[in-house]
Amino acid sequence: MSLRVVFRVSSRAMSSSAFPSLRKRPPIVADNVYDSFASAVGNTPLIRLRDASARTGCEIYGKAEFMNPGGSVKDRAGLYLVASAEEQGLLVPGEPGIIVEGTAGNTGIGLTLAANSRGYRTIIVIPETQSQEKKDTLRFCGAQLIEVPAMPFANPANYVQIAARLARALQEHPDRPCRVVYANQWDNTANRLAHIEGTGPEILAQTRGAVDAFSCAMGTGGTLAGVAAALRAAKPDVVIGLTDPQGAVPVTYFTTGTPTAGAGSSISEGIGQGRITGNMAGFRPDFTAEIDDAAAMRELNALTLHEGLQVGLSSGINVAGAVKLAEKLGPGKTIVTVLCDSAMRYTGKMYNPSFLRTKGLPVPAWLDEANTRFVADGMASAGEAPTAQALLPFDLASVVSKAIEGTEIMSRCITKL
Ligand SMILES: Cc1ncc(COP(=O)(O)O)c(C=O)c1O
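A quick note: this is a predicted structure, and the numbers were derived from the prediction, not measured.

**Quick word on the environment of lysine 328**
Mapping lysine 328 onto the fold places it in helix 12 (residues 313–329). Classification of lysine 328 as partly exposed rests on a count of 14 C-beta atoms within 10 Å. Along the primary structure lysine 328 and phenylalanine 287 are separated by 41 residues, whereas in three dimensions their C-alpha atoms are 9.0 Å apart.

**Considering the packing of helix 4 (residues 74–87) against helix 5 (residues 106–116)**
Viewed as axis vectors pointing N to C, helix 4 and helix 5 meet at an angle of 50°, and their least axial separation amounts to 7 Å. When the interaxial angle is binned, helix 4 and helix 5 end up oblique. The two elements helix 4 and helix 5 cross, and the hand of that crossing is right-handed. Contact with helix 4, carried on its side by Lys74, Asp75, Ala77, Gly78, Leu79, Leu81 and Val82, involves Asn106, Thr107, Gly110, Leu111, Leu113, Ala114 and Ala115 of helix 5 and no other residues of that element. Within the contact of helix 4 with helix 5, the residues separate by chemical class into 8 nonpolar, 4 polar and 2 charged.

**Structural notes on helix 4**
The end-to-end C-alpha distance of helix 4, which contains 14 residues, comes to 20 Å, matching closely the 20 Å that a straight helix rising 1.5 Å per residue would cover. In this structure, the buried residues of helix 4 make contact with helix 2 (37–40), strand 3 (97–102), helix 5, strand 6 (179–182), helix 8 (190–206) and helix 9 (222–234). Backbone geometry just downstream of helix 4 places glycine 89 in the positive-phi region, at approximately 80°.

**Here we look at the sheet that holds strand 2 (residues 59–64)**
Within the open sheet, the 6 strands sit side by side as 1-2-10-7-8-9. Their pairing is mixed. Only two strands of the sheet have a single partner each, and these edge strands are strand 1 (46–48) and strand 9 (287–291). Each strand of the sheet is rotated relative to its neighbour by a mean of 25°, with strand direction disregarded. Both strand 7 (residues 213–216) and strand 10 (residues 334–339) contribute to a ladder of 2 bridges, which runs parallel. Following the sheet pairing, phenylalanine 214 is matched in strand 10 by valine 336.

**Examining helix 6 (residues 132–141)**
Among all positions in helix 6, only Glu133, Lys134, Thr137 and Leu138 are buried. Seen end-on, helix 6 carries its buried residues on one side only, within an arc spanning 140°. When the buried face of helix 6 is taken as reference, the exposed residues oriented beyond 90 degrees from it are Asp136, Arg139 and Phe140. In the stretch just after helix 6, glycine 142 is the one whose phi turns positive, near 100°.

**Regarding the pairing of strand 3**
Burial analysis of strand 3 places 6 of its 6 residues in the buried class, the great majority of the element. Side chains of strand 3 alternate between two faces, with Gly97, Ile99 and Glu101 and Ile98, Val100 and Gly102 buried alike. Here strand 3 pairs with strand 6 via 4 bridges, running parallel. Each bridged residue has a counterpart across the sheet, and for isoleucine 98 the counterpart in strand 6 is valine 180. Pairing of strand 3 with strand 4 (residues 121–127), which is carried by 5 bridges, proceeds in the parallel orientation. When the bridges of strand 4 are listed, isoleucine 99 appears paired with threonine 122. With helix 5 bridging strand 3 and its parallel neighbour strand 4, the resulting β-α-β unit is right-handed.

**What to know about the environment of aspartate 244**
Locating aspartate 244 in the fold gives a position in strand 8 (residues 239–245). Note on aspartate 244: 27 C-beta atoms within 10 Å, which makes it buried. Taking the C-alpha atoms as reference points, aspartate 244 and asparagine 318, separated by 74 residues in sequence, lie 8.6 Å from one another.

**Here we look at the site of the ligand**
Neighbouring the ligand are 21 residues, the closest being Gly219, Thr223, Gly270, Ser314 and Cys340. For the shell around the ligand, the secondary structure elements donating two or more residues are helix 5 and helix 9. In terms of residue count, helix 9 provides more of the shell around the ligand than any other element does, 3 residues in total. Residue composition of the shell around the ligand, by class: 7 nonpolar, 11 polar and 3 charged. Mapped onto the domain boundaries, the shell around the ligand takes at least three residues apiece from domain 1 (31–68 + 192–346) and domain 2 (74–182).

**A few points about unusual backbone geometry**
Of note, the phi angle at asparagine 184 is positive, near 55°, even though the residue is not glycine. Tracing the backbone through its elements, the reader meets asparagine 184 in the loop between strand 6 and helix 8. Accessibility expressed as a C-beta count within 10 Å gives 22 for asparagine 184, which makes it buried. The backbone phi angle of arginine 208 is positive, close to 50°, even though this residue is not glycine. Turning to its location among the elements, arginine 208 is positioned in the loop between helix 8 and strand 7.

Calculation criteria
- Along every chain, residues carry numbers that run from 1 in the direction the sequence is written.
- Owing to the predicted nature of the model, reporting of local features is limited to residues with pLDDT of at least 70; listing and counting of side-chain atom pairs is limited to 80 or more, with chain, interface and lining totals taken over all residues.
- The helix count covers DSSP runs of H or I at least four residues long, the strand count covers runs of E at least two residues long, and both are numbered beginning at the N terminus.
- Neighbour density around each residue's C-beta defines its exposure: 20 or more other C-beta atoms within 10 Å make it buried, 12 or fewer make it exposed, and counts between make it partly exposed, where C-beta atoms are placed from the backbone.
- A fitted line through C-alpha atoms serves as each axis, taken over the contacting stretch for helices, and the angle formed by two N-to-C directions is quoted from 0 to 180°.
- For classification, angles of less than 35 degrees are called roughly parallel, those exceeding 145 degrees roughly antiparallel, those between 65 and 115 degrees roughly perpendicular, and all remaining angles oblique.
- Crossing handedness is defined as follows: a turn of the near helix away from the far one that is anticlockwise and smaller than a right angle gives a left-handed crossing, while the clockwise case is right-handed.
- Throughout, a residue-residue contact means that the two C-beta atoms, derived from backbone geometry, are no farther apart than 7 Å.
- Under this grouping Gly is polar, as are all residues other than the nonpolar Ala, Val, Leu, Ile, Met, Phe, Trp, Tyr, Cys and Pro and the charged Asp, Glu, Lys and Arg.
- Here the expected length of a helix is defined as 1.5 Å per residue gap, with one fewer gap than residues.
- Should DSSP find at least two bridges between two strands, the strands are regarded as paired.
- Note that the arc is defined by the directions from the helix axis to the C-beta atoms.
- Viewed with both strands pointing away, a crossover whose connecting path from the first strand over the helix to the second turns clockwise is right-handed.
- Defining nearness, a residue is near a molecule or strand when the C-beta atom obtained from its backbone falls within 6 Å of it.
- Residue ranges labeled as domains rest on an automatic or database domain assignment.

Function-wise, these values are silent; they only describe arrangement.
This is the structure in structure tokens:
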């Protein structure tokens, strides 16, 4: 069956033409005029990853979840958590309500936007180690943010445990001003349902049923377990892959039966779960892989340079996992993974040379402040860390100096090159 890619060609034709015309646009969609934020969540594009596909001989696609209105895959969970509270009568639209949640950031953003659109407020408990950009976004959204030191889940000072106790204390408070709900993205399976009803069917529709495999990392597990349930119901032989960052529990648990953390650690955010959540219940992957941060950063950099996609590190881990799964399955398969959120959430971390250096991670040439020049060659080698060499095959400083010669800014500009 031919897979409807952006330009309505078969997957075979797609790989023979690595660079389709930029002018050939997908058909205009007319039925995406919505009455609310809620309807604008989901129906995200599926983008073919040219470089990862070329390397593996498979067709690897990224579900562009960073294009949700709140900027991440977690808008879906946020929406469904609010919807389920309303369905249970715990919140009533138009009447005041407070939603409490512990989150690494993205769920808090999706939850707060969904809450705002229904007239509720949110109180978000977040580990202080999460990116400043996510914390700022939460404040900009109007969330009441409570930053706490990062602690393991078993510790009563862990942010999730604090959020649960805070919700209970508010619910039992004698002066409680309104309804109070604990969202609990971890164990509340409304989270998984968002992907059973949304992400999974979208992938089936977008690939016209031709999806052979799906893989991604687990935070709550809502995305992977939910998409897996939807795909397996439609295609029992679909292969489901789980990719962990280093130091997470899920891969070890599913391969050994013991919920202990794997070796190492990761700077990724939103994934790398430390326990088996309610949203993972009943789920089993067919394939597992652990990806270290250096490998994930190489994929992240390849996404920037080869695809024009600017995303966070969990997306790098997801693409690295999809590549490993492609290598296991062999060429010719259609594999979907998730591009979870945008690089703009991590300008101080994964896109900050000094932060990367403190973590011993590769600094891509175009980010390296010591190297303001650009090279095209050498970059095409798939998955390789770009080296800090000149990227343009000429002396940029002399060209620029010619362009600004005689102007009053000349002395200032030249010193920066
Ligand atoms: C950036 C990012 N990637 C991936 C995930 C994982 O999604 P899920 O919780 O559905 O497993 C999250 C969850 O917060 C996230 O923030």
